[in-house]
2 protein chains.
Amino acid sequence: MKTRIGIVGYGNLGRGVEMAIAQNPDMELAGVFTRRDPSSVKIATEGVQVYPLSEAGKKKGEIDVMILCGGSATDLPVQTPELARDFNVIDSFDTHARIPEHFKNVDDACQEGGTVGIISVGWDPGLFSLNRIYAESILPNGKTYTFWGKGVSQGHSDAIRRVKGVKMGIQYTVPVEKAVEAVRACKNPELTTREKHTRECYVVAEEGADKAVIEAEIKNMPNYFSDYDTTVTFMDEESFQKEHQAMPHGGFVIRTGKTGNGETTDQLIEYSLKLGSNPEFTSSVLVAYARAAHRLACEGVKGCKTVFDIAPAYLSPMSGEEIRKNLL
Amino acid sequence: MKTRIGIVGYGNLGRGVEMAIAQNPDMELAGVFTRRDPSSVKIATEGVQVYPLSEAGKKKGEIDVMILCGGSATDLPVQTPELARDFNVIDSFDTHARIPEHFKNVDDACQEGGTVGIISVGWDPGLFSLNRIYAESILPNGKTYTFWGKGVSQGHSDAIRRVKGVKMGIQYTVPVEKAVEAVRACKNPELTTREKHTRECYVVAEEGADKAVIEAEIKNMPNYFSDYDTTVTFMDEESFQKEHQAMPHGGFVIRTGKTGNGETTDQLIEYSLKLGSNPEFTSSVLVAYARAAHRLACEGVKGCKTVFDIAPAYLSPMSGEEIRKNLL
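What comes next is a walk through the structure.

Conventions and cut-offs
Within every chain, residues take consecutive numbers counted from 1 along the sequence as written. Starting at A for chains and at 1 for ligands, labels are handed out in the order in which the entities are written. With the structure being a predicted model, the display of local features is reserved for residues of pLDDT at least 70 and the display and counting of side-chain atom pairs for 80 or more, all residues being used for whole-chain, interface and lining totals. The basis for every side-chain value is the complete set of non-hydrogen atoms in the structure, without hydrogens or water. Here a strand is any run of E in DSSP of at least two residues, a helix any run of H or I of at least four, and the numbering for each starts at the N terminus. Aromatic rings from Phe, Tyr and Trp, with only the six-membered ring used for Trp, were paired whenever their centres fell within 6.5 Å, and each pair was classed as stacked if the ring planes differed by under 30 degrees, edge-to-face if by over 60, and tilted otherwise. With a 1.4 Å probe rolled over the protein chains alone, any residue whose accessible area is under 20% of its type maximum counts as buried; one over 50% counts as exposed, and the rest are partly exposed. Counting as a charge over the ring demands two things of the Lys NZ or Arg CZ atom: a distance within 6 Å of the ring centre and an angle within 35 degrees of the ring normal. Buriedness for pockets is judged along seven lines, at least five of which must meet protein on both sides within 12 Å for an open set on the 1 Å grid over protein atoms alone, while cavities are sets there where a 1.4 Å probe fits but cannot get out, and lining residues have an atom within 4 Å of a point. Grid points are joined across faces, edges and corners, and a volume is the space filled by probe spheres set on the points. Classes in brief: Ala, Val, Leu, Ile, Met, Phe, Trp, Tyr, Cys and Pro nonpolar; Asp, Glu, Lys and Arg charged; the others, Gly included, polar. Identification of polar contacts relies on pairs of N or O atoms within 3.5 Å, with a donor-acceptor requirement for protein atoms, meaning one able to donate a hydrogen and the other able to accept it, and with residues adjacent in sequence counted only if both atoms are side-chain atoms. Whether two residues are in contact is decided by their heavy atoms: any pair within 4.5 Å suffices. Summed over both partners, buried area is the accessible surface (1.4 Å probe) that two parts give up on being assembled. At least two DSSP bridges between two strands are needed for those strands to be called paired. Structural elements are reduced to axes, namely lines fitted to C-alpha atoms, with helices fitted over the stretch in contact, and the angle between N-to-C directions of any two is expressed from 0 to 180 degrees.

Regarding unusual backbone geometry
The residue after G149(A), namely K150(A), is reached through a cis peptide bond having omega 0°. Take K150(A): it is sitting in the loop between β7 (142–148) and β8 (151–152). The omega torsion of the bond from D124(B) to P125(B) falls at 5°, within 30 degrees of zero and hence cis. Tracing the backbone through its elements, the reader meets P125(B) in the loop between β6 (116–118) and α4 (127–138).

Pasting the structure below:
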């Protein structure tokens, strides 16, 4: 019997989850849940219904895992604990400072409902976190560096679009090659925010807007841009539409460490992602962890987990014998 | 209380484990076990004794985890199951075809002894295996490539040294850059053995030996060299001693996959290691998994495991709260 997945929220991530389910023969989409009018949401999978989120509870027992595809700011802090009372849940909560609070809320709900919740699943937090824990546990004397990009930052793109006179805008976070090379050379550099990443902005200005003012306002924006070397490139709407629709991303987690007598031997562990589409990749991670959540629940496990708590074997559709034979 | 580690076999790997223990404040070396005359084995750690392996059983209850540092050919198939009856054990068994049999033997012993055994721990098998299972579970439509090197292959170096007229010899496995680049470019190439790696041999010939004969014999050796582009470089003993004492290694696991509507989006996951010392790094992995074995045993778990079965949190000395705060 296939693992029955529910998707909560049908934006880029929700659509990505739907596509990822189609790539996994042991999974099936059992329903999409939305706060919008269900009749206004057209999904790709035939024969699957869209339901109002408010009525999700009625599907208890018919869905093995709910994958929550809303935002971390306001959706997930409410939705994940709420749904965890009735369902196993997976989310990609990424507001780092609020993880302890979110973990506790989801854990309380899971304990009450006898369900499994896995939070903060994706690539960062998620796969990058895994690489940090593996690398730091193996090389205790060392230093870990995370670089992001080249890729679109949704938060920074939103910030650009709030600037007066900006019609369209997108922001790419770009790792500074020189910094990455120094890290890879085991030089253990101390890097400032400015030295690690640059920010490239592409903007379509409203007609008649003062481009110099827009550029200055973006570059001096505190928190978002003022601590970085930022470039602002203006372009026409047609070029923007053509060149900036994909959502690529990626990055590196690099740990360098010393081992041996006198701790003089250099060791380097690097994990890198080069993603053609950030939401499609994040969705693929969510679906693999949904498999794990369902299996753990079938074993009687309950409570809130993160990627740290999930043995890798739970992610694979293969049996223990098969993974030892094919992947070890 | 610290985790008490026993080292079985005091060669390069055993010495590496001893150094790795010194880097982990929650671990301590409790004894070294050898088949040699214990009085002939001088270890680095003060106040720790060397015991005959045959009397290891007497230390039951005084050692939390035995780390087995022998070879896969003849040592580990016997030693790991034998010691698993009295101790939690970790080994780096890497004879791939015999893993199912070894797993069963260790599992039987662990079930009998109520202990935990983790086999095939290191970087390949080990960390590379982990990256294969994560990447394949996340990108089911894709292709995984493993490249090794540049690094010393012990087996191939031994093969060179068995050739008549060879006084000293070492072999480096080197990934073919063009092949790695084609994989990174998501071209999904079909690669033959010859296209993936070259083999570089450095040889000191016995006085009067015919170098042309040695070179031909190496290059045509079946299984080891005949399927590869192999170079043989002769050098004098002094240069050899100076340039070929380190044991560097490393490699890459790369998975490329397609996601999205029509499966047209390229996604790339790459894991790479650049190791100044292969045995010191492998030892560091063994010690992190020893921490996991001890914790699992304390929770009442028993049986044989591989890296696939161990949740990453078990490897870290930090608590769940700490890892969520610092690494997620």
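So, the packing of aromatic side chains
Counted under the stated rule, the structure contains 11 aromatic pairs over all chains. Here the aromatic rings of W123(B) and F128(B) are separated by 5.3 Å at their centres, their planes lie at 80°, and the arrangement is edge-to-face. Each member of the pair, W123(B) together with F128(B), is buried. An aromatic cluster is built from W123(A), F128(A) and Y271(A), whose rings are joined through pairwise contacts. A cation over a ring is seen here: K150(A) above Y172(A), with NZ or CZ 5.2 Å from the ring centre. Taking the ring centre of F103(A) as reference, the NZ or CZ of R324(B) above it sits at 3.5 Å.

A closer look at the layout of surface pockets
All names here are of chain A. Within this model, the second largest pocket holds a volume of roughly 1400 Å³. In this structure, the second largest pocket is lined by 38 residues; those nearest its centre are D94, D124, P125, Q154 and N278. Elements represented by at least two residues in the lining of the second largest pocket include exactly α1 (12–22), β7, α5 (154–161), α7 (193–196), β10 (197–205) and α10 (278–298). In terms of residue class, the lining of the second largest pocket is made up of 12 nonpolar, 21 polar and 5 charged.

So, the side chain of H244(B)
Residues and elements named next belong to chain B. Relative to the elements of secondary structure, H244 occurs in the loop between α9 (237–243) and β12 (249–259). Among the residues examined, H244 registers a relative accessible area of 8% and is labelled buried. In terms of polar contacts, H244 uses its side chain to reach the side chain of Y172, at 2.6 Å. When sequence neighbours within four positions are dropped, the list of residues in contact with H244 reads I170, Y172, Y202 and M235.

Quick notes on the interface of chain A and chain B
Contacts between chain A and chain B engage 64 residues on the former and 63 residues on the latter. Both sides of the chain A and chain B interface together cover about 5400 Å² of buried area, and 63% of this is carbon and sulfur. Elements represented by at least two residues in the side of chain A that touches chain B include exactly α3 (99–113), α4 (127–138), β12 (249–259), β13 (265–275), α10 and α11 (320–326) of chain A. In terms of residue class, the side of chain A that touches chain B is built from 31 nonpolar, 20 polar and 13 charged.

Focus on the sheet that holds strand β1 (residues 3–8) of chain B
Residues and elements named next belong to chain B. Read across the sheet, 7 strands follow the order β3-β2-β1-β4-β5-β6-β14 without closing on themselves; strand pairing throughout is parallel. Two strands lie at the open edges of the sheet, namely β3 (50–52) and β14 (303–305), each paired on one side alone. The average angle at which neighbouring strand axes cross in this sheet is 25°, direction not considered. The pairing of β1 with strand β2 (residues 27–34) spans 6 bridges and is parallel. Of the residues in β2, the one forming a bridge with R4 is E28. Strands in contact with helix α3 (residues 99–113) are β6 and β14; relative to β14, the strand with the most contacts, it is inclined by about 140°. The strands touched by helix α10 (residues 278–298) within the sheet are β1, β2, β4 (65–68), β5 (88–90) and β6, with β4 carrying the most contacts at an inclination of about 145°.

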